[in-house]
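# Fold and geometry: a report
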Amino acid sequence: MEGDPLAALASPALVVDLDKVKRNAQRMTERWQKLGVQLRPHMKTHKTLECADIMTGGSRRCIVVSTLAEACIFADNGFDDILYAYCLPLDKVERCAALSERLELFQVLLDHHDALEQLRRRPLRDGRQWHVWLKLDCGNGRAGVLHSEPEALRLAEAIAKTDGVELTGVYAHCGNTYHCRGEEKIQAVAQETTRFTLQFMEKLNAVGVTCKSSIGSTPSCSHPVKDMAQLSEVHPGNYVFYDVQQSIIGSCSLDDVAVRVLTRVIGHCPHRNQLLVDCGWSALSLDGAGKLPTGYAVIEGHPDLKLLSMTQEHGRVEPLSGPLDYSKYPLGSLLTLIPYHSCATAMMHPVYHVHSQGRLLGKWTPTRGW
């Protein structure tokens, strides 16, 4: 298949533009080098060795993962300095211990005393220490102990004082930037998250505790504010692919999006004024809930079409207005979908077809599971 055009692929297929991936990665790297902040790229979007190499500049060091499946595949292939940035599941302590005893630096995240107690009860071999990041909630409203609560400082101190455990850093995700529209609003959230994190670092310093600080989200790290230069690290991930959602938020332009889903017309439905395509939610996901003006995705080159709905293996496409000209969309013709959320869409595919300027280069195989 190498050298063949994208049209040679069976559909539905996820295709990745290697040139855009490299460009997105390079821009993010250079942005944070200029600010003097360590970039710790998140692997959750793509979950592949090849893309991880690009994001780390070939160093295979300093990454974030969201699952132990990711951690293991990267560890098995020479990656190190891995942060498992998911509040420590108590059923996975032993697996985390194995990675901590095997790698030079494996780090875990927690936001509860019970998780810390589990680490205390499971000392690492050979005098090694658990490297722990405290998950702080700075307004995102997902995991983490609230930055303003006294409990946050108490937990940080407890981590720092526990035998066999080191407080490596404080970690916040400003996922509330995903509700923003435009650079100004993104930066307002990034500023607030940075301020809350740095204020918490001052509280730690006041009680004699020192550690790293890290915040991240693709919108905030695509449009950083000046005060973010005071952080130790940032940890964005989606930026390597981007997607329609990120273009709406203002993180990128639609041209920066590196992934597409190819789908073919498999049916004409004149009684409904619709086309049937072979991309259902199992190839795209239902993320975005069809709220785009064009439904569940942007149909590249066809701004007048809408992906109205999907079942598991079928999609229904209709015009935004007027009757369909079926002669423009013969059975077997190819349509190209730009996904609303590339992380969710990529999860639907067992293989990604990588190309440059529309010519196939090879395949990337992501890891799956937890």
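## Structural notes on the overall build of the protein
Each helix and strand counted, the protein has 11 helices and 18 strands in total. Against the 2.2 N^0.38 benchmark of 21 Å for 370 residues, the protein shows a C-alpha radius of gyration of 22 Å, consistent with a compact globule. C-alpha atoms of the protein, sized along the principal axes, occupy 75 × 40 × 35 Å. Out of the 370 residues belonging to the protein, those deemed buried represent 55%. Accessible surface, the protein: about 15,600 Å² in total, of which carbon and sulfur atoms supply 50%. Averaging the positions of the 39 positive and the 41 negative side-chain charges in the protein gives two centres separated by 2 Å.

## Comments concerning the pairing of strand β1 (residues 13-17)
The buried fraction of β1 is high, at five of five residues. Of the two faces of β1, the one carrying Ala13, Val15 and Asp17 and the one carrying Leu14 and Val16 are both buried. Where β1 lies against strand β11 (residues 259-269), four bridges are found, and the strand directions are antiparallel. When the sheet's bridge partners are listed, Ala13 is paired in β11 with Leu262. Where β1 meets strand β17 (residues 352-356), three bridges bridge the pair, whose relative direction is parallel. When the bridges of β17 are listed, Asp17 appears paired with His355.

## Examining the layout of surface pockets
Approximately 990 Å³ is the volume attributed to the largest pocket. If you trace the largest pocket, you find 38 residues lining it, with His42, Lys44, Ser66, Arg142 and His173 closest to the centre. The biggest single contributor to the lining of the largest pocket is strand β4 (residues 80-87), with four residues. Partitioned by chemical class, the residues of the lining of the largest pocket number 14 nonpolar, 17 polar and seven charged.

## Brief notes about the side chain of Asn176
Along the chain, Asn176 turns up in the loop between β8 (165-173) and α7 (183-206). When its relative accessible area of 13% is taken as the criterion, Asn176 is described as buried. Discounting residues that sit within four places of it in the chain, Asn176 has contacts with Gly139, Asn140, Val189, Glu192 and Thr193.

So, how was this worked out
- Within every chain, residues take consecutive numbers counted from 1 along the sequence as written.
- Local features in this predicted model are restricted to residues whose pLDDT is 70 or higher, and side-chain atom pairs enter the listing and the counts only when it is 80 or higher, whereas totals over whole chains, interfaces and linings include all residues.
- Hydrogen atoms and water are omitted, and side-chain values are computed over all heavy atoms in the structure.
- The helix and strand labels rest on DSSP assignments: H or I over at least four residues marks a helix, E over at least two residues marks a strand, and numbering proceeds from the N terminus.
- In this treatment the radius of gyration is a C-alpha quantity, and the globule benchmark scales as 2.2 Å times the residue count to the 0.38 power.
- Only protein chains enter the accessibility calculation, which uses a 1.4 Å probe. A residue is then buried if its area is under 20% of the maximum for its type, exposed if over 50%, and partly exposed in between.
- Accessible surface area values rest on a Shrake-Rupley calculation with a 1.4 Å probe, where residue burial reflects the displayed protein chains alone.
- Asp and Glu count as negative and Lys and Arg as positive, but His and the ends of the chain are not part of the count.
- To locate a charge, take NZ of a lysine, CZ of an arginine, CG of an aspartate or CD of a glutamate.
- When DSSP finds two or more bridges between a pair of strands, those strands are recorded as paired.
- The method works on a 1 Å grid over the protein atoms by themselves. A cavity is a set of points holding a 1.4 Å probe that cannot get out, a pocket is an open set with protein on both sides within 12 Å along at least five of seven lines, and residues with an atom within 4 Å of a point line them.
- Grid points are joined across faces, edges and corners, and a volume is the space filled by probe spheres set on the points.
- Put simply, Ala, Val, Leu, Ile, Met, Phe, Trp, Tyr, Cys and Pro go in the nonpolar bin, Asp, Glu, Lys and Arg in the charged bin, and everything else, Gly too, in the polar bin.
- For this analysis, residues touch if any pair of their heavy atoms sits within 4.5 Å.

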